[in-house]
Structure formats: C-alpha cells, structure tokens
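Residue-level listing of the chains:
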Amino acid sequence: MKPNSGTLVINIMNGGKAEAYEGVYQCTARNERGAAISNNIVIRPSRSPLWTKERLEPNHVREGDSLVLHCRPPVGLPPPIIFWMDNAFQRLPQSERVSQGLNGDLYFSNVQPEDTREDYICYARFNHTQTIQQKQPISVKVFSMDSLNDTIAANLSDTDIYGAKPVTERQPVLLTPTGSTSTKVELRGNVLLLECIAAGLPTPVIRWIKEGGELPANRTFFENFKKTLKIIDVSEADSGNYKCIARNILGSAHHVISVTVKAAPYWITAPRNLVLSPGEDGTLICRANGNPKPNISWLANGVPIAIAPEDPSRKVDGDTIIFSHVQERSSAVYQCNASNEYGYLLANAFVNVLAEPPRILTTTNKLYQVIADSPALLDCAYFGSPKPEIEWFKGVKGSILRGNEYIFHDNGTLEIPVAQKDSTGTYTCVARNELGKIQNEVHLEVKDPTMIIKQPEYKVIQRYGQVSFECIIKHDSTLLPTVIWLKDNDALPDDERFLVGKDNLTIMNVTDKDDGTYTCIVNTTLDSVSASAVLTVVARPNPPFDLELTGQLERSVELSWIPGDENNSPITNFVIEYEDGLHEPGVWHYQTEVPGTQTTVQLKLSPYVNYSFRVIAVNEIGRSQPSEPSEQYLTKSANPDENPSNVQGIGSEPDNLVITWESLKGFQSNGPGLQYKVSWRQKDVDDEWTSVIVANVSKYIVSGTPTFVPYEIKVQALNDLGYAPEPSEVIGHSGEDLPMVAPGNVQVHVINSTLAKVHWDPVPLKTVRGHLQGYKVYYWKVQSLSRRSRRHVEKKILTFRGNKTFGMLPGLEPYSSYKLNVRVVNGKGEGPASPDKVFKTPEGVPSSPSFLKITNPTLDSLTLEWGSPTHPNGILISYILKFQPINNTHELGPLVEIRIPANESSMILKNLNYSTRYKFYFNAQTSVGSGSQITEEAVTIMDEAMASRQVDIATQGWFIGLMCAVALLILILLIVCFIRRNKGGKYPVKEKEDAHADPEIQPMKEDDGTFGEYSDAEDHKPLKKGSRTPSDRTVKKEDSDDSLVDYGEGVNGQFNEDGSFIGQYSGKKEKEPAEGNESSEAPSPVNAMNSFV
C-alpha cells in the first residue's frame, strides 16, 4: 500500500509468481463519518500457451470443391489474434472465395489450382505477453480436371473428353454456421458479430436481412466481403431473427440466427450524496435496469443494512431509503448494489447530517465583463446546512432583485439574460440560514459589442490584378481587438503578395491559387465577430484542344473540340478560323462562331481549298489563345460559284472605257486556271455583245469609244472545270470631256451691304459631256467706291453642287464694286466662263477710328487727335465725341456730346475743370449710321501754387509734432477702450465718429496707395481697375492700378519738384457711355490729402 494513498501496488519484477496474486480485490475507505467500498477488482495472470503437438495430413482436394483449414489456437488470456501467413511471413491473400472466419479457420468456398501450396500457417498473437505462436504448416494439393482427363484420355473418345464440364458447378451450401437456424446472445452496448460463410461454384454472394425489420442504418457494417454482419452498440431493440442468404447462379442457401440482447445492470438513477441538517427529511434512490431485471441491495458503511446498527430515522423501501427527522449520528456512507447474472453495479452515497452557518465560496469583489445584449452570469457559490437562501441586490442601498429580467439558479448564480449598458454596477449576494448570514460583492461591466461596420465584399478580379478586402471595425474603447485574416478557414499563405493592413487585406499580382473565401476575424477578450467574402479569380479561357474533323463531304465537314478551362468566367462563344494552305498558307480567316455551350459545328466548305481549322474561346475577359490546328482537308475542284464583285465602267479618256472589278479570292476560284470573261455593248443600241477572256487580272480597257456614252457591262469567272453562273449586268460610261457651253442669263440681286444672291440658267445636259457635278461662281472686288483706289484682285470661288441654279455670296465689303462669272463643272473639269457681271454694294456703318490720342493737358483743356476709320464703308459725314468727368468716388458725371466735321482730325477741348479725370467716347458716322466707338481717359493738371503750399505745410516741424500728438492720443484711447471692454463696458466713440464722418474725406487704399474704383455709366456699378475691351476690338490698357506714374506714356510720366504732373496722358478705350447726373468734381490725390489735413 502506498503511503497516504489507497493504491495497492503488486510488484513481481523482483520475483514471485503472478498466479499467487490471482483473485478478487475490494478497497474500503473508512473514517469517523462512515466507510465507502470500491467495486470488485479481478486480477488474472495472462497466458500464452503453446500449440499442442499434432500430425497434419496433406489435404488433397478436387478443383471446385470447398475446403476448411482449421486453426484451433490454444486458449489464452486474453484470447489471441489469429492470422494466416506463408513461410515468407507474407499474409495469404483473401477474397470472396477465400476468407478467414471469426474462429480463425480458413475457408475456401471453392478451391482453384493456384491454391496448391505446402505452407498454409496459422499464427496466434498474444498481445499482452507480446508473443506469437505458430501452427505446423498445412499442405494443400488441388487436382484439376485436366490432369484427370490426361490419365484416362486413351480409353475415351474426343467427344467424351471435351463434351463434359471440366469443373462441376454447385449451388451454395453453408460451411458455417451449420444447420438452418442457430442462436446468439449478446450484451447491451457490445458489438454484435454474425457470420455466414458458404461453399459453392461460382463463389456465392452473401446478403443479410432482419426478419420483420430493418438493419439499423448508422450502426450496421459489413466485413470480410459481407460474410460478417457487424452491429455496434446493440440494444434490446436489436433482438430478433437475422437471415443470411448465400446465392449464385445455381440457387441459394440461407441460415437464420436468433439474436437475444441481454443487459448487465445499468443505472436509471444512481444514489447521490445527501447533506441534511438536524431534524430534516431526505431520501436516497437507487434505480437500475437490466435483462434480467437486477436485484437491489443496500449496505451501510460496507455492512449489509440488515445487520448494520439500527437508525430510527431511516427506513428501507426497496430501491429507496427514507430518512425522517435525522440527527447528527445519522451520518453514514450507504452502498447500493444492483446485480444480475451478467454483472453488477455498486455506488456509494454519503449522508452527511451537518449544522453549518452559510459560507460563500466565490471570490470577493470578483469582476465580470460581458458584451451588451449577451447573458451575464454572476456566481455566488455557497455552502451551509440547512441550505442557505440566496438573495441578490444591486448597488449599495439597492432593493432585492426580482422579476422576469433575472434568472436565479439553484447554485446561487444570478443570470441577467440580456445585459445592457445600464446593467453595469456592483451586485451583492446574501446567503442566510437559521445559523447565520453572509454576503459578498461582485462587479459587472457591460461593454459595447465589437462590430464590423464595413465587411469585405465579393470580388471578381482578373489574373495578375490587385484586390483589396476591407474590414473596418468598431469596438469598445476599453477592449483591445486583434484582427486575423483566413483563407478557406486556414491561415493566409506565407507569401509576400499578401499585405495585411490596419483595416484591409491586399493581394498583389493575383493568381488562380488565390481563389477562395477570405474571412476577417476580430477577437477581443470578450467576443469575436467575423465576416467573409469570396474572391473569384477570372482570366481569359484556356484554348480548346483535341480538334477532330468528321463527316467529310465535298462542301461540308463537322468540327468538334474539347473546351479548355473557362477560368471562372463562362465561355460565351467559340470563334472558328480557317487557313487555306493551298492559296494563302499562314493566313487565318474568320469562318464562323457558335455559342459557348456548343462544342461541334457543321462548316460549309468551298471547292479546291486545303482547309485547316482552329478554335478560339471567348469569355467576358477576352479571347483565348488559338487552339492547335486541326488536320488538313483538301476539297475537290468545281466550277466557280460566284462572279467578281464591284464591276464598274468608267472612262479615263474621252475615247475609252475602263472596266474594273474585284478579283475572286484564292478559295473562291473553286479550281485551277482562274480567268474572266469580260463583255460589253453600247446601251440603247441594237449591238451584239463584245467579249474577251483575260487572265486573273482586275481591269480591261476598251478603246475607240464615243465620248460619255452608256455601256452595258458584265464580267464572268471561269476555271479549268467551267464557267460560273451568268453574271448580272451593270451600266458604265465611256470617258468624259470638258463642258462645251457656259451658263446663261446670269443675274445678281444685292440683298444688303455684305450679301448678294446670284441666279443663272442651267446648261443643256448634252453639252456637259460628262457627269454634272455642279456650278462654280468666281467673284472679286474691283474697287472701293469711297476711295476710288484699285488694289490687287483676289478672286473668290463658291461651288454649288448638283443642278442648282442660284447661290448666296456672303462676306462682301460695303460700298464696293464687284464682278463675277459662272462655270459648269463635270468629272473632267470646268467649262467656259459666262460673261463677267458687274454689281455694287451699298454703304454701311464705318469701323472705329484708327486711333484717339489726347495730348497737352492744361488746367482747363486737353488736345484730341484721331485717325479716320480703316474701313469707312461709305462716305463719312461726321465724327461724334462724347465725354464726362469722373469724381473722387469714381462716379460718372454728366455726358457732353460734340459733333465734329468729317474732314477734321484734331481739336482742343476747353473750359474743363482742373485736376479732373475725363472719359471720352469717339466714333465716325456715314449716312447709314454710327460705327464702333473708341474710348480714352485723360486728366487735367492741378494748380501749381496749391501743390507748392501743400508740400510746404507737410514739411513744417509744427505739423509733424501735431501728427505725433494725434497718434499718441489715439494710442491712449485704444488702451482705455481695451480696458473697458475687458470690464464689460461699452465704448461709444466709434459710433460718434461714424455719425459725424466727413463725406469729403476719402482715404487712399492702404495696400498700394491707389484710388478706389468708379462706376461704369453703362450699368451704374463700380468700374474695376482699367476698362473693358469694346466690341469693335479697340485696344485697352491692361489692368491699370491707377498709379499716377501710369498716366504718362511709358517712363516719361513724372512729377516736377513742386508735385505737378508733367507727363502726357494716355487714354483708354471703353464701351458707349450712359448719361449720368453725378457731380463733375474729381479731386486730385493732392486735393484728397488737403481735405484730410
């Protein structure tokens, strides 16, 4: 016996025999509270006895007879495992004809000559002793009918020898079990093995059925070539009659095995430990079943209860012990024994009469963390006698928990079926009985669930592309998630093409092996979520293969093929191409195409072609590589089936007819010796056809024809075997010549100063001498009526297609003299011109003056100079000058208009305001109206004395001191304002200053010292710096910033020492002004400074 243990050690390694310890052992454990006993333990030594000596006679068997080789192994403990081998330790082959039975014998349903051997050896392997015992070899000699026939051949005729069957066929006979019926008893839960082995020739086939029922579907197996029926985990329901049927072509045999399933005792209700407090009642229940029904007996502390010390609190009632008003002395260990002839059950149950105050076994302040909307189980493992009552509270001063939102388990556990965020908190478990009370606190934290807010999506990607799966998650901030990607529920391949990012998986250079299901798994310590998406890798299909030609006929053949892999994108169609190895070797032509579900096609063929075919598969991704070419197929020659196409007759000279056509392709010739028969005759003339046969060309020229005469033409193909069908006729014409006459009655109607309409009479068609293509109008300007000066004549041409007799002449210049003529046009060229026709255009409005220059600015005058319009478009009658002042608020003043005689080119504008900007608008007029205007701006100069005083004041010391004092005062006011604003007060100075603002004070911009913007008189909105480009394309000064230096021409604009402006002013061109009523005062920058001072 081991120290401090109930283990009994039997050691025979140092001597002693195992037989000395053979027997039945039982362990008893005892203390002051009672005694418990174990089941019986049987110890038996293993045995591997030797085979008994026996003399084995050789077995002489006729071919086709049955044979049983008996093993009869020695009885061992445990039983040995049997197998048959030969002298070379090779297992003997087994089959439906030769097999080993459950008892170890070797059965031959019928012997064959190859079964002859002298080394049939049965081996018995004893696993426990690790030994193998061998039986003496058994010899088998099989005699065939051939050897018997050789013996008696001399005494029998040929008919007798060869007319009889060499081996006698026999119907089945059962070798085991014998007889027609047998019985079998098996215990519940064991494996049922039933065996039937039959003799017969041909070898019988075994079939099993259960009479009056079905073989259990999931527990039935067939072994040893269906000769053994195996049913695992048998129960009483498996009892019944099982029939095995052996059948061959001559008949059948059967055997019925009556199976009875018995049962060793098994528990229905085993007795359980019982804890009672003094004065309580209780029961021990021991219920078992078996076949036959087991007997129930009770023991107390290992002693039969009938002779055990009496206890007035207990009463035995069959399989139940009833305890009433127990006392502490009633504590004991009770044993229940359930037994029948096949075994027994023994169970110990401790009845403990105990008085204990409550104890809580769960750790204090244990923290539970769960995910929202999932169950929360808060433990409160307890012990006490009598059994304590359990109550749960939430919070420090919470009330007792009740209601359907909680489940209270018998073991003290509190279950919150659906925990929410507000379930977070401290929970108190209280256990009490009549001996005391105890409590324990646990804490619950409810976390936000982990979610995949953007799951990976199904992707279809082309081979060698790039694909990404997103897996964007949202989780509780206190939980640390880990993201794992799987492919087909396994780890990702160890490949650098797989890039795992923070919230995505990217696969570079995708291959076919990447096809599959990708799963994103997000794990935290409390929950796990996953999402999957399928990646389908698509590519162009693999080329078809195994092309085969069948059903070869003169004009057709059937082509079949096997499609290649479609690479996850269904094949939509197959394209069939052919090569003509006779006429165009190496060139593949389109033949036809068929749907992707079709793998055969009937192809139409042409004669005299050496065909090879290939097939191309097409899916949504693209076309496969072509298949390997099929075998070649040369079709027979035949007459041409068709004639040349696109036959035309067009003359290249006035006296010939050029006949052209598109030659037939090589395979269209249908045979060798391709030629063409060209035929023609003049249309509408009763002439015979003229024909020539030409070689394989595409043109023939007929000479000596009349000019532009219609001909009927036809071209027919022929080869060495004959002509093609009769061709259709086409109409052609002999060559064209230049037209003979000019159009007559040419008339011109002038519509306005830039547009005229011309009319003419058509020429007779016979004089055209060709295909009428249209008319050409030549026209040119002779001179301008306003200047009477001639210039280089530039003729213009307008073409009017078809048989048109009028046309429009656009883009004419006003007040000009023009000439024109008209000519007819055919395919050869132009005919003679009609007589020149003269016409004149009326006056129009002039263009803008060529320039407007403003010079010599003084205090009250400006000098204007201008150039006449480049295109007067008539006789000028006057010039119109409009101008208006621009004040310091950039508003336009009243508009003044002056009419100037047309012969003037300059004028002095007087009585202007000093230091004032003016805007000028200038245009010319004819009798038709005013032309486009040109605009400019200029400024009169300021008073020199005033400018000098201004400079003197600005340089005085007292003025500088005054300005410094004002700046200091403003600084002090700002500081006071800042302090009062921080204290919540208001500073009214700004409002007062706004209320008394001087409207004359207009400060300059601080950024660049320029003036503000002024309003355009056209829309009364402030003008931006510079002026817009007028519609007559006059030039403007780009984006002026109104600096005083820019008012001069280039770098010459500057100030004198006294501040006066001495440069000339360059104006700007503007659109037509609108009348304005604003003030004409526009103070100069110096005036603005004077106002500020």
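Just so it is clear, the structure is predicted and the values come from calculations on it, not from any experiment.

**Q** Describe the overall build of the protein chain, naming the residues involved and giving the relevant values.
**A** Per the secondary structure count, the protein chain includes seven helices and 80 strands. In the protein chain, which comprises 1093 residues, the proportion classed as buried is 40%. Counting only contacts in the protein chain whose residues sit at least 6 apart along the sequence, the fraction spanning at least 24 positions is 64%.

**Q** Talk me through the pattern of salt bridges; I want residue IDs and the actual numbers.
**A** Applying the stated rule across the entire model yields 31 salt bridges. Each of Asp-86, Arg-117 and Asp-119 takes part in a single network of salt bridges with overlapping partners.

**Q** I'd like a description of the sheet that holds strand β72 (residues 849-855), backed by residues and values.
**A** Strand order in the open sheet formed by three strands is β72-β73-β76, and the pairing between neighbours is antiparallel. Among the strands making up the open sheet, the edge pair consists of β72 and β76 (906-909). When the angles between neighbouring strand axes are averaged without regard to direction, this sheet yields 20°. The sheet contact formed by β72 and strand β73 (residues 862-869) spans six bridges and is antiparallel. Opposite Pro-849, over in β73, you have Pro-869 as the bridge partner.

**Q** Could you give an account of the sheet that holds strand β23 (residues 282-285), with specific residues and numbers?
**A** Adjacent strands of a sheet pair through backbone hydrogen bonds, lying either parallel or antiparallel. Taken in spatial order, the three strands line up as β23-β28-β27 in an open sheet, and their pairing is antiparallel. Each end of this open sheet is capped by a strand with a single partner; those strands are β23 and β27 (314-317). Taking the axes of each pair of neighbouring strands and ignoring which way they run, one obtains an average angle of 15° across the sheet. In the sheet, β27 pairs with strand β28 (residues 320-323) via four bridges, with the strands oriented antiparallel. Bridging across to β28, Arg-314 finds its partner in Phe-323.

**Q** Summarise the packing of aromatic side chains; cite the residues concerned and give the values.
**A** For the structure shown, the criterion picks out 20 aromatic pairs. A ring pair is formed by Phe-108 and Tyr-120, whose centres lie 5.9 Å apart and whose planes are at 80°; its orientation type is edge-to-face. Residue Phe-108 is found in strand β9 (residues 106-108), and its partner Tyr-120 is found in strand β10 (residues 117-126); the two are separated by 12 residues along the sequence. Here Phe-883 and Phe-920 contribute two aromatic rings whose centre-to-centre distance is 5.7 Å and whose plane-to-plane angle is 35°, an arrangement assigned as tilted. With Phe-883 in strand β74 (residues 878-886) and Phe-920 in strand β77 (residues 917-925), this residue pair connects regions lying 37 residues apart in the sequence. Each member of the pair Phe-883 and Phe-920 is classed as buried. Sitting over the face of the ring of Phe-469, Lys-459 holds its NZ or CZ atom 5.5 Å from the ring centroid.

**Q** Kindly report on the environment of Lys-230, identifying the contributing residues and their values.
**A** Mapped onto the secondary structure, Lys-230 falls in strand β19 (residues 228-231). Note on Lys-230: relative accessible area 23%, which makes it partly exposed. Spatially, the C-alpha atom of Lys-230 lies 4.8 Å from that of Leu-193, the residues being 37 residues apart in sequence. Once residues within four sequence positions are removed from consideration, Lys-230 is found in contact with Val-191, Leu-192, Leu-193, Arg-219, Thr-220, Phe-221 and Glu-223. In this structure the side chain of Lys-230 is engaged in a polar contact, spanning 3.3 Å, whose partner is the side chain of Glu-223.

**Q** Describe the environment of Gln-675, with residues and values.
**A** Its location among the elements puts Gln-675 in strand β59 (residues 675-682). The exposure class assigned to Gln-675 is partly exposed, which follows from its relative accessible area of 33%. In this structure, the C-alpha to C-alpha distance between Gln-675 and Gln-716, residues 41 residues apart in sequence, is 8.5 Å. If near-sequence neighbours (up to four positions away) are discounted, Gln-675 is found in contact with Ile-693, Val-694, Ala-695, Gln-716, Ala-717 and Leu-718.

**Q** Pulling in residues and values, what's your account of the confidence of the model for the protein chain?
**A** Of all residues in the protein chain, 86% attain a pLDDT of 70 or more, and the chain-wide mean is 85. Throughout residues 157-164 the model reports pLDDT below 50, and contacts reaching past four residues in sequence, or to other chains, amount to four contacts. Below a pLDDT of 50 lies the segment residues 985-1093, which in the model reaches 204 contacts outside its immediate sequence neighbourhood of four places, other chains included.

**Q** Now, about unusual backbone geometry: what can you tell me, with residues and values included?
**A** Cis rather than trans, the peptide bond between Asn-291 and Pro-292 has omega equal to 5°. Residue position: Pro-292 is located in the loop between β24 (287-291) and β25 (295-300). In this structure, Pro-386 follows Ser-385 across a cis peptide bond, with omega equal to 0°. We note that Asn-509 has phi near 50°; this positive angle belongs to a residue other than glycine. Judged by relative accessible area, Asn-509 falls into the partly exposed class, the value being 41%. Positive phi outside glycine occurs at Asn-745, with the angle close to 55°. Tracing the sequence through the fold places Asn-745 in strand β65 (residues 744-752).

**Q** Any chance you could break down the nonpolar core for me, citing the residues and the numbers?
**A** Leu-559, Trp-561, Ile-576, Leu-603 and Phe-613 are the most contacted members of the largest nonpolar core, which has 20 residues in total. Mapped by element, the contributors of at least two residues to this core are β50 (545-550), β51 (556-562), β52 (573-580), β54 (600-604) and β55 (610-618). When residues in this core are grouped by element, the largest group, four residues, is from β55.

**Q** I'd like a rundown of the state of the cysteines, residues and numbers included.
**A** Evaluation of the coordinates by the stated rule reveals five disulfides. At a sulfur-sulfur separation of 1.8 Å, the disulfide partner of Cys-380 is Cys-429. Disulfide Cys-380 to Cys-429: torsion about the S-S bond roughly -65°, handedness left-handed. Of this pair, Cys-380 sits in the loop between β33 (376-378) and β34 (382-385) while Cys-429 sits in strand β38 (residues 425-433), and the two are 49 residues apart along the sequence. We classify Cys-429 as buried; its relative accessible area is 1%. Looking at the protein chain, its bonded cysteines, counted consecutively from the start of the sequence, adopt the pairing 1-2, 3-4, 5-6, 7-8, 9-10.

**Q** Account for a nonpolar patch on the surface, naming residues and giving values.
**A** A surface patch of nonpolar side chains, about 640 Å² in accessible area, is lined by Leu-968, Leu-971, Ile-972, Ile-975, Val-976, Phe-978 and Ile-979. Within the element layout of this structure, Val-976 appears in helix α5 (residues 957-982).

**Q** So, the side chain of Asn-352: which residues are in play, and what are the values?
**A** Assignment of secondary structure puts Asn-352 in strand β30 (residues 343-353). Here the side chain of Asn-352 touches Arg-33 through a polar contact of 2.5 Å, side chain to side chain. The contact partners of Asn-352, leaving out residues within four places of it in the chain, are Arg-33, Leu-274, Val-275, Leu-276 and Ser-331.

**Q** Give me the lowdown on the pairing of strand β58 (residues 656-662), citing residues and values where you can.
**A** Burial runs high along β58: five of the seven residues are buried. In terms of strand pairing, strand β57 (residues 645-650) meets β58 through four bridges, oriented antiparallel. Bridge pairing links Ile-650 to Val-658 in β58. Between the end of β57 and the start of β58, which pair antiparallel, lie five residues. Across five bridges, β58 lies against strand β61 (residues 699-703) in antiparallel orientation.

Cut-offs used in this document
- Residues numbered from 1 in each chain as written.
- Predicted model: local features only at pLDDT ≥ 70, side-chain atom pairs only at ≥ 80, totals over all residues.
- Heavy atoms only, no water.
- Helix = DSSP H or I, 4+ residues; strand = E, 2+ residues; numbered from the N terminus.
- Buried < 20%, exposed > 50% of the residue type's maximum accessible area, 1.4 Å probe, protein only.
- Contact = heavy atoms within 4.5 Å.
- Salt bridge = Lys/Arg side-chain N within 4 Å of Asp/Glu carboxyl O.
- Pairing = 2+ DSSP bridges.
- Axes fitted to C-alpha atoms, helices over the stretch in contact; angles between N-to-C directions.
- Phe/Tyr/Trp six-rings, centres within 6.5 Å; stacked < 30°, edge-to-face > 60°.
- Lys NZ or Arg CZ within 6 Å of the ring centre and 35° of its normal.
- Polar contact = N/O pair within 3.5 Å; in protein donor to acceptor, adjacent residues only side chain to side chain.
- pLDDT = per-residue confidence, 0-100.
- Core = buried A, V, L, I, M, F, W, Y, C linked by side-chain atoms within 4.5 Å.
- Disulfide = S-S within 2.5 Å.
- Patch = residues over 30% accessible without salt bridge, like charges linked within 9 Å, V, L, I, M, F, W, Y side chains within 5 Å.
- Areas by Shrake-Rupley, 256 points an atom, 1.4 Å probe, with all protein chains shown as cover.

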